[in-house]
Amino acid sequence: MTEPQMKKMRPNWKVSSILDGSLSEEPKSVRAVVATVREKKDLAQCMQEISRVLPVPEFAHLKRIRGCDVILSSTDGFPEFTDEVNVGAYLEEKGLSGTLVEKLSEIRQENVPKNAPVLRWQFEMASKCWPCKFHPDKYLESLYNNQIFSSQQINFHISIMEMCLKLSDKHKNPTIVVDPRDSKIVTVAWSQVDMHPLQHSAMVAVDNVARSQEGGAWETEDVSQVLESIREGLKGLSCDGGSCGNLDKYGPYLCTGYDVYLLEEPCLMCSMALVHSRVRRVFFQRQSPETGALMSIVQLHTVKELNHHYQVFRID
């Protein structure tokens, strides 16, 4: 097969969510003090007193009862378990009645899940250790299982990334910005660091969007001809963007609600600029192992302290 024929072939790409690494981790455990209520008929009455006297906010994600077993407390400050008399005295000192303590047996330590499970597979694994409370997030499950997009949407995202790849023949690390409401190509950009060290592709794209809104700070290359060429090349391509939040309510402001497609994973500076610009989603194709801030050296979009978060996907 010749080189030109190979370039015409559609890449066998897929669209994968880049999520917080904790969503791929198995549940961790911690030790807790557990006791068995001797008689099942006493369970409800015992739990009323135990819950009142020995609250366990650190285990709020757990059910307190498993059969006739109950969680009494964490192990912090609890006496040695070799002396049953001392354990009983300690519980009474904490406020449990002697009558209730007598109804308990086999006071011991057990492993329980340390944190609340987020995904169903984590819940199922954690529940083998101790029963957990769980509130499923269907959207997050779809992201984790890479089932968030329809076939039409996948085709759209891959087509935009193919255009980025095509542009890279003439321009370094292209970026395409899309308005998901009508699939309109808002702007295109590429790295211009030879003109200024801060003019990375994403930074130029943000400035180009600002210029379209009567703003902009840099003198950059004219992209109008390339932009028209892209729009013509993608003519007829559409995607159901779904609800676009504030973009639906207030219209364009900075990059609010826009989708950004980059050939290469953006650096920390660019990733933070996209946060400040309020983009909706970021798609990239090539990982940047030494500088990438969405998958490689850090996952900026998962930092909870930020006041805006966008979703990240890799198309490869």
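Our subject is the structure listed above.
Residues numbered from 1 in each chain as written. Predicted model: local features only at pLDDT ≥ 70, side-chain atom pairs only at ≥ 80, totals over all residues. Heavy atoms only, no water.

So, the sheet that holds strand 2 (residues 29–37)
In step 1: Strand order across the open sheet formed by 4 strands is 3-4-2-5, with antiparallel pairing between neighbours. Looking at which strands have only one partner, the edges of the open sheet turn out to be strand 3 (65–66) and strand 5 (104–113).
In step 2: Bridge count between strand 2 and strand 5: 8 bridges; the pairing is antiparallel. Paired with A32 across the strands is E110, a residue of strand 5. (Pairing = 2+ DSSP bridges. Helix = DSSP H or I, 4+ residues; strand = E, 2+ residues; numbered from the N terminus.)

Re the nonpolar core
A general tendency of soluble globular proteins is for nonpolar side chains to be buried together.
In step 1: In this structure, I176, V188 and I230 are the most contacted members of the largest nonpolar core, which totals 32 residues.
In step 2: Elements with a minimum of two residues in this core: helix 6 (138–144), helix 7 (151–167), strand 6 (175–179), strand 7 (184–189), helix 9 (224–233), strand 8 (259–264) and strand 10 (311–315).
In step 3: Considering every element that reaches this core, the biggest residue donor is helix 7, with 7 residues.
In step 4: With near-sequence residues (within four places) excluded, I176 lies in contact with I160, M163, C164, L167, I185, T187, V188, I230, D259, V260 and Y261.
In step 5: By size, the runner-up hydrophobic cluster in this structure holds 28 residues, among which are M203, V204, L274 and V312. (Core = buried A, V, L, I, M, F, W, Y, C linked by side-chain atoms within 4.5 Å. Buried < 20%, exposed > 50% of the residue type's maximum accessible area, 1.4 Å probe, protein only. Contact = heavy atoms within 4.5 Å.)

Section: a nonpolar patch on the surface
In step 1: On the surface, L268, I297 and V298 cluster together to form a nonpolar patch covering roughly 250 Å² of accessible area.
In step 2: Topologically, I297 is positioned in the loop between strand 9 (281–286) and strand 10. (Patch = residues over 30% accessible without salt bridge, like charges linked within 9 Å, V, L, I, M, F, W, Y side chains within 5 Å. Areas by Shrake-Rupley, 256 points an atom, 1.4 Å probe, with all protein chains shown as cover. Salt bridge = Lys/Arg side-chain N within 4 Å of Asp/Glu carboxyl O.)

Topic: the pattern of salt bridges
Oppositely charged side chains may form a pair once their charged atoms are brought near each other.
In step 1: Under the criterion given, the structure shown has 11 salt bridges.
In step 2: With a shortest N-O distance of 3.2 Å, E228 and R231 are connected by a salt bridge. With E228 and R231 both in helix 9, this residue pair falls 3 residues apart, about one helical turn.
In step 3: Under the relative-accessibility criterion, E228 is labelled partly exposed at 46%.
In step 4: Its relative accessible area of 27% is what places R231 among the partly exposed residues.
In step 5: Two residues, R281 and D259, come together in a salt bridge whose shortest N-O distance is 2.8 Å. Of this pair, R281 sits in strand 9 while D259 is found in strand 8, placing the two residues 22 residues apart along the sequence. Grouping residues by exposure puts R281 and D259 together as buried.
In step 6: Residues joined by salt bridges that share partners form a network here, namely R66, D69, R108 and E110.

Some points on the packing of aromatic side chains
In step 1: Summed over the entire model, instances satisfying the criterion amount to 5 aromatic pairs.
In step 2: Each ring, one from F149 and one from F283, has its centre 6.3 Å from the other, and the planes form 35°; the classification is tilted. With F149 in the loop between helix 6 and helix 7 and F283 in strand 9, the pair connects residues that are 134 residues apart, well separated along the chain.
In step 3: Residue F283 is classed as buried on the basis of its relative accessible area of 0%.
In step 4: Arranged with centres 4.6 Å apart and planes meeting at 5°, the rings of Y261 and F283 form a pair that is stacked. With Y261 in strand 8 and F283 in strand 9, this residue pair connects regions lying 22 residues apart in the sequence. Neither Y261 nor F283 differs from the other in exposure class; each is buried.
In step 5: By the ring-pair criterion, three or more aromatic residues cluster together here, those being F149, Y261, F283 and F313. (Phe/Tyr/Trp six-rings, centres within 6.5 Å; stacked < 30°, edge-to-face > 60°.)

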